[in-house]
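# Overview (structure and organization)
The chain contents come next:
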Amino acid sequence: MRTLQKIALALVIIGAINWGLIGFFRFDLVAAIFGGQGSFLARVVYGLVGLSGLVCLSILFSPIRQEDHKKEQLNNRNLKYATEFGEENDLSEYKKD
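Residues numbered from 1 in each chain as written. Predicted model: local features only at pLDDT ≥ 70, side-chain atom pairs only at ≥ 80, totals over all residues. Heavy atoms only, no water.

## Some thoughts on the overall build of the chain
A tally of regular secondary structure across the chain gives four helices and zero strands. Put simply, of all contacts in the chain between residues at least 6 apart along the chain, 46% involve residues at least 24 apart. (Helix = DSSP H or I, 4+ residues; strand = E, 2+ residues; numbered from the N terminus. Contact = heavy atoms within 4.5 Å.)

As structure tokens, then:
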């Protein structure tokens, strides 16, 4: 489910950028790329962005668990304190006098 949420979030960000361009510059990037607002591909992109917004609602309303948050922090740090205590090789016989 994490992968689906990440894809949905990326599409929502694309939609937000598109709406920002429309609001500030009156330029619809999706329509410009796919041949107008009425074209099939543009409508597919708009639909996917809308569905992604619905998927992201589940992220908004899901509770944040402290245990999961701590596990993610530990995993992101990639701490590896493990050491191996082994015998060292005796290199005295190789020492040149």
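From this point on, the discussion continues.
## Notes on helix 3 (residues 40-61)
End to end, helix 3 covers 32 Å across 22 residues, agreeing with the expected 32 Å (1.5 Å per residue, within 8%). Within helix 3, the full set of buried residues consists of Ala42, Val45, Val49, Ser52 and Cys56. Looking at the buried side of helix 3, the elements it contacts are helix 1 (2-25) and helix 2 (29-34). (Expected span 1.5 Å × (residues − 1). Buried < 20%, exposed > 50% of the residue type's maximum accessible area, 1.4 Å probe, protein only.)

## Regarding helix 1
Quick reminder: α-helices carry 3.6 residues per turn. Residues three or four places apart thus point the same way. Under the 1.5 Å per step criterion, the end-to-end length of helix 1 is 34 Å for 24 residues, consistent within 8% with the ideal 34 Å. The complete set of buried residues in helix 1 reads Gln5, Ala8, Gly15 and Asn18. On its buried face, helix 1 sits against helix 2 and helix 3. Backbone geometry just after helix 1 places Arg26 at a positive phi near 55°.

## Looking at the confidence of the model for the chain
Per-residue confidence for the chain gives a mean pLDDT of 83, with 68% of residues at or over 70. Across the chain, the element-wise mean pLDDT spans from 65 in helix 4 (residues 66-77) up to 95 in helix 2. (pLDDT = per-residue confidence, 0-100.)

## Considerations on the packing of helix 1 against helix 3
Viewed as axis vectors pointing N to C, helix 1 and helix 3 meet at an angle of 125°, and their least axial separation amounts to 8 Å. Classified by the interaxial angle, the pair formed by helix 1 and helix 3 is oblique. As helix 1 runs across helix 3, the sense of the crossing is left-handed. In this structure, helix 1 uses Leu4, Gln5, Ala8, Leu9, Leu11, Val12, Gly15 and Asn18 to contact helix 3, whose residues at the interface are Tyr46, Leu48, Val49, Ser52, Gly53, Val55, Cys56, Ser58 and Ile59. When the residues that make up the contact of helix 1 with helix 3 are grouped by side-chain class, the tally is 11 nonpolar, six polar and no charged. (Axes fitted to C-alpha atoms, helices over the stretch in contact; angles between N-to-C directions. Parallel < 35°, antiparallel > 145°, perpendicular 65-115°, else oblique. Left-handed = near helix turned anticlockwise from the far one by under 90°. Nonpolar A, V, L, I, M, F, W, Y, C, P; charged D, E, K, R; others polar.)

## Brief notes about the side chain of Ser39
Along the chain, the position of Ser39 falls in the loop between helix 2 and helix 3. Engagement of the side chain of Ser39 in a polar contact is seen with the backbone oxygen of Phe34, the distance being 2.8 Å. (Polar contact = N/O pair within 3.5 Å; in protein donor to acceptor, adjacent residues only side chain to side chain.)

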